[in-house]
Amino acid sequence: MLSERLRSEDFTPLAAPSGRFTRVLLVLDQLEELVTLSGPAERELFLGALARALAADRRLWVLATLRVEFLPELLGTGQAGLFAAPVALGALRPAELVAVIERPAALAGMALEAGLVADVVEDTATVDALPLLAYLLQELYLAAGSGGVASREAYRTLGGVAGALARQADSVFTELIVVYDADTVLRTLLRLVGMDGAEPTRRRVLVSDLSGIERVVVAAFTDARLLVTDTVDGMPSVQAAHEALFRQWPPLRQLVAARSEQLRSRGELERWTGDWVRSGRSTDYLLTGERLALALAWLESLVEAGQASEEIKAFVALSRSRDRAFLERVSAAIGKYVLANVAQNPEFAILLTTAALTECPPTGLARRALMASLTESHLELALVGHTATVRSVAWSPDTRQIVTASRDGTARIWDAATGTTKHVLRGHEGMVEGAAWSPDSRLVATASRDCTVRIWDAATGACATVLAGFGDFARGVAFSPDGARLAAASRDRLVRVFDTVSWEQTAALTGHGNDVWGVAWSPDSSRLASASHDKSVIIWDVVSAEIVLRLDKHTNFVEGVAFSPDSTQLATASGDNRVRIWDVTDGRLVRSIPGNRDPIWSVAFSPDGRSIAYASGNRTGRIWGIEHDEQLAELRGHTDVVWSIGWSPDGTRLLTGSDDATARVWTATARGAEQQLLSGHVASVKAIAVSPDGANAASGSHDGPLRLWDTATGTSLAVLTGHEGAVNAVAWSPDGEAIASCGNDNTIRLWRPHEQTHRVLLNGEIEVEALSWAPDGVRLAAGGRDNHISILDARAEHEEAPRLLTGHTDWVGALCWSPSGRWIASGSDDRTARIWDAETGTAVHELTGHQNWVDGVAWSPDETLLATCSGDWTIRIWDTASGQILHKLSGHERRVRAIAWSPDGTLLASVSDDHTVRTWNPHDGTEREVIGVHADRVNTVAWLPDGLRVITGSTDTTIRIWSANLDTDALIRTARRRVARSLTAEERSAHLLPERVL
């Protein structure tokens with residue numbers, strides 16, 4: 001082929017080999033396609049080869065035609081000399097049109113009726129004269145036949161010059177829209193239209209890029225000779241036979257006019273994509289910056305219109321994945337999205353933020369969002385193996401194993417630490433509905449729809465015995481805590497009791513009027529509770545087989561039932577969307593806990609009796625605090641109904657089974673990015689103090705008692721009771737021998753932590769909010785709701801009147817004695833902080849500027865700087881000598897509750913209602929990073945003496961110890977252990993993450 005010869009620069013065959021005056025004329029028609037269908041590189045290559053061919057053989061002549069609007073593009077190439085003296089051809093004159101009509105007709109042997117040529121010339125008045133005439137003459141020839149006469153009647157029938165093509169297009173269009181909608185047909189044809197400059201142009205499309213429906217449309221228009229096909233590099237392609245199709249046929253012309261900008265952008269994208277492909281898909285040709293932003297906007301529009309090729313999509317996607325600025329925006333956008341939605345689906349939030357941190361440039365927002373996701377995520381293990389609903393779950397009393405019962409007809413025993421399957425229990429001939437462990441963890445009982453209960457050896461997985469005789473499906477099973485009996489419920493409305501030595505039935509408890517599901521023993525094994533679809537719960541005396549109580553306040557079926565650890569209460573779960581707690585001595589309803597709009601299927605008391613967990617039809621498990629009657633946690637991650645829930649024997653984890661064919665293990669308290677989690681308080685943690693050696697911490701909470709902790713292990717060392725109500729502040733004496741605390745019982749108490757004794761230092765009439773020890777360990781400063789600061793002698797054996805520092809006009813909620821003992825700093829709800837001379841009691845500086853309460857004050861170790869934090873969301877750094885503000889630290893998104901200076905004075909830590917723990921450079925006023933995130937507002941902060949760790953307390957009831965230097969890699973490793981799936985392609989696309997390259 002000529003193109004191949006030009007490409008290889010083999011010019012010798014172009015001119016005829018003999019004849020001195022022989023010439024070769026090479027005609028290049030529609031040369032504008034070198035602009036509209038080629039990129040700059042290919043354009044230069046072609047023109048360069050053509051120039052060298054002309055230079056190599058003077059017998060070669062080239063005649064090229066093109067539309068005048070494309071001439072500047074060619075004059076701008078390296079071969080502008082080829083176009084130095086163009087000849088402009090205007091519109092055809094009538095006489096020329098006559099020749100255009102008559103001469104081709106004569107060559108084809110077709111006669112023309114008198115007057116026909118004049119009609120045609122008169123009707124031809126557009127720039128599309130030649131293609132219209134070409135199509136018209138073809139149609140007249142087909143109507144007249146070889147040697148026939150083209151008549152004026154045939155011409156009118158065809159609709160004239162413009163109507164000939166339009167009529168044919170209308171005919172094909174009408175046939176197609178019987179099967180396909182008009183928009184599909186026109187959108188397909190629009191793929192064959194380009195837009196360069198102000199006019200539409202033909203566009204070649206590979207057949208392989210068309211969908212099945214598009215190929216049908218193209219085939220129909222090709223059969224009507226409105227489209228033509230050829231090959232490009234051996235690949236079939238299609239294009240419009242004449243531009244008149246989209247310039248003169250009204251339906252397509254109107255669509256082209258409406259989509260002109262879209263067609264221009266598509267053309268530009270195609271040229272960029274073509275350059276990339278021709279470069280061998282070099283990364284140097286990928287888009288960045290503004291061009292990428294433009295391409296993304298164009299692509300979105302093209303995808304919506306069905307005009308984007310797979311190659312364009314791949315080009316833009318790869319460009320996007322390589323563009324750092326764009327990926328930084330993606331990472332930040334994911335961070336914002338997750339922070340707003342993390343509680344809805346923690347697993348999805350972890351997947352998104354992990355991807356943002358590993359596939360995009362890390363951003364502070366993404367790191368913070370991942371920490372927030374971990375703080376909301378309770379998932380520890382996903383037990384995958386069943387092929388149908390997991391209907392029942394149970395933890396072995398020795399905590400080492402888990403059993404699950406499934407409607408796939410099997411039960412499984414799992415290693416509770418690793419989540420691996422130890423045994424698959426096969427033998428039932430129907431769905432397995434219930435499972436239970438014996439108290440010694442040696443046996444497992446399962447109940448099935450095959451109307452049997454089977455007993456299995458947990459060590460070997462072998463079936464030990466089969467209990468038959470049920471009149472219908474067996475539902476729930478439960479071993480008595482003393483191991484002597486097994487209870488089994490059935491759809492035959494009976495509860496059967498078996499002796500676990502002989503496996504003989506010893507009782508059949510009758511009293512329910514419908515299907516019986518749940519069974520639970522009292523901890524002393526003397527009573528049994530059963531739950532039924534007759535909307536009632538019955539408590540039985542097992543010895544006498546008599547009904548002790550019938551609880552019938554539920555308004556729908558009841559399946560879940562559980563005794564409290566002290567045997568005094570019973571919890572029930574019902575299809576009326578409620579959990580009810582009953583007094584088992586008299587059947588009195590103690591509490592009704594609303595669920596949501598879905599049935600509650602299962603319920604379990606925590607081993608300490610302070611919480612219950614229940615499983616819901618809304619795909620969650622929930623933990624409810626009984627003492628404060630509030631939800632403590634929501635276990636999200638299952639993708640379908642959660643049927644069953646249970647606690648680990650130590651109360652630290654939970655187990656759920658779901659319609660999604662999985663069981664999951666959860667932590668009762670979610671672990672975040674912290675090094676240590678100190679869990680034990682049941683209400684908001686208000687205050688923390690660290691011992692001088694850093695080995696221990698003391699905490700105060702709204703739940704009343706103080707707690708002592710080992711900071712290395714996170715274990716609770718002691719619970720110190722005495723305050724009647726919330727504890728507002730705690731402070732450890734400089735010598736480590738005493739802890740001061742104050743609360744809303746209006747007292748200040750001094751504790752001897754090693755002896756776990758205390759005495760009341762002050763019993764006043766006003767609630768005390770803040771405490772701070774003098775460095776001498778003798779004086780103690782206290783601030784409260786009387787607007788004063790009281791200086792107390794901690795050595796006093798009897799209550800003495802304190803020395804008062806007065807000046808604030810509202811509550812004093814923050815105090816800090818300077819390291820030298822010379823000064824006291826205070827913060828007040830009057831929106832000021834003050835620096836006081838500790839000896840004279842006079843105010844040295846009044847620090848004004850905060851727009852809300854001053855909640856915290858902290859001295860730098862060298863006393864030259866004072867930090868304050870406020871309800872106005874800011875932190876301020878002050879020069880203590882002049883009282884002038886040096887820096888205003890902004891970044892927190894809610895009230896800043898507390899601040900603490902690092903022991904070496906280089907960093908400041910802060911905590912806020914925005915749930916974050918942050919570190920700052922106080923010397924230049926810049927935020928360093930977010931090092932931790934709680935599940936609720938953070939109230940208190942302190943550094944450990946090593947300067948490497950920060951301890952915080954939160955309204956989420958936890959205390960956490962964080963590294964002062966966030967390890968992102970460790971954070972990601974933790975995150976990957978918390979998920980049981982990967983992001984789908986659709987999820988990745990929705991959040992603009994780079995496409996996965998397989």
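These numbers were taken from a predicted model, which means no experiment stands behind them.

## Quick notes on the packing of aromatic side chains
1) Next: Applying the stated criterion to the full structure yields 7 aromatic pairs.
2) Next: Measuring from ring centre to ring centre gives 5.5 Å for Trp272 and Trp298, while their planes differ by 25°; the resulting arrangement is stacked. In this pair, Trp272 is assigned in helix H14 (residues 260-278) and Trp298 in helix H15 (residues 289-305), connecting sequence segments 26 residues apart. When sorted by exposure, Trp272 lands in the same class as Trp298, which is buried.

## Some thoughts on the pairing of strand E25 (residues 537-541)
1) Next: Counting buried residues in E25 gives 4 out of 5 residues, a clear majority hidden from the surface.
2) Next: Of the strand pairs in this sheet, strand E24 (residues 527-532) and E25 are connected by 5 bridges, and their pairing is antiparallel. Opposite Leu528, over in E25, you have Trp540 as the bridge partner.
3) Next: From the end of E24 to the start of E25, which pair antiparallel, there are 4 residues, and Lys535 there has a positive phi angle of about 75°.
4) Next: Taken together, E25 and the strand that follows it, strand E26 (residues 546-551), pair antiparallel across an intervening segment of 4 residues, in which Ala545 is found at a positive phi of about 60°.

## Comments concerning unusual backbone geometry
1) Next: One non-glycine residue, Trp503, adopts positive backbone phi at about 60°.
2) Next: Checked against the element boundaries, Trp503 lands in the loop between strand E21 (494-499) and strand E22 (505-510).
3) Next: The residue Ala545 is not glycine, and still its phi comes out positive at about 60°.
4) Next: Relative to the elements of secondary structure, Ala545 occurs in the loop between E25 and E26.
5) Next: Classification of Ala545 as partly exposed rests on a relative accessible area of 32%.

## Here's the deal with a nonpolar patch on the surface
1) Next: Together, Leu25, Val27, Trp61 and Leu63 line one region of the surface with nonpolar side chains, adding up to about 430 Å² of accessible area.
2) Next: When contributions to the nonpolar patch are tallied by element, the ones reaching two or more residues are strand E1 (24-28) and strand E2 (60-64).
3) Next: Its location among the elements puts Val27 in strand E1.
4) Next: For Val27, a relative accessible area of 48% translates into the label partly exposed.

## Considerations on the packing of H14 against H15
1) Next: In contact at an axis separation of 10 Å, H14 and H15 are set at 120° when each is read in the N-to-C sense. By the criterion of interaxial angle, the relationship of H14 to H15 is oblique. The chirality of how H14 crosses H15 is left-handed. Between H14 and H15, the residues in contact are Gln262, Ser265, Arg266, Glu268, Leu269 and Trp272 and Arg291, Ala295, Trp298, Leu299, Ser301, Leu302 and Ala305, respectively.
2) Next: Looking at the contact of H14 with H15 residue by residue, the classes come out as 7 nonpolar, 3 polar and 3 charged.

## Side note on the pattern of salt bridges
1) Next: A complete count under the given rule lists 49 salt bridges for this structure.
2) Next: For Glu359, the salt bridge identified is with Arg988, shortest N-O distance 2.4 Å. Taken together, the positions of Glu359 in helix H18 (residues 346-359) and Arg988 in helix H21 (residues 985-990) put the pair 629 residues apart, joining distant regions of the chain. Neither residue differs from the other here; Glu359 and Arg988 are each classed as buried.
3) Next: Close ionic contact of Arg491 with Asp472 constitutes a salt bridge, the shortest N to O distance being 3.1 Å. Remark: Asp472 occurs in the loop between strand E18 (463-467) and strand E19 (474-479) and Arg491 occurs in the loop between strand E20 (485-490) and E21; sequence separation between them is 19 residues.
4) Next: The exposure class assigned to Arg491 is partly exposed, which follows from its relative accessible area of 35%.
5) Next: Salt bridges here are not isolated pairs; linked through shared partners, they connect Arg391, Arg407, Glu433, Arg449, Arg475, Asp515 and Glu559.

Criteria and cut-off values
- Residues numbered from 1 in each chain as written.
- Predicted model: local features only at pLDDT ≥ 70, side-chain atom pairs only at ≥ 80, totals over all residues.
- Heavy atoms only, no water.
- Phe/Tyr/Trp six-rings, centres within 6.5 Å; stacked < 30°, edge-to-face > 60°.
- Helix = DSSP H or I, 4+ residues; strand = E, 2+ residues; numbered from the N terminus.
- Buried < 20%, exposed > 50% of the residue type's maximum accessible area, 1.4 Å probe, protein only.
- Pairing = 2+ DSSP bridges.
- Patch = residues over 30% accessible without salt bridge, like charges linked within 9 Å, V, L, I, M, F, W, Y side chains within 5 Å.
- Areas by Shrake-Rupley, 256 points an atom, 1.4 Å probe, with all protein chains shown as cover.
- Salt bridge = Lys/Arg side-chain N within 4 Å of Asp/Glu carboxyl O.
- Axes fitted to C-alpha atoms, helices over the stretch in contact; angles between N-to-C directions.
- Parallel < 35°, antiparallel > 145°, perpendicular 65-115°, else oblique.
- Left-handed = near helix turned anticlockwise from the far one by under 90°.
- Contact = heavy atoms within 4.5 Å.
- Nonpolar A, V, L, I, M, F, W, Y, C, P; charged D, E, K, R; others polar.

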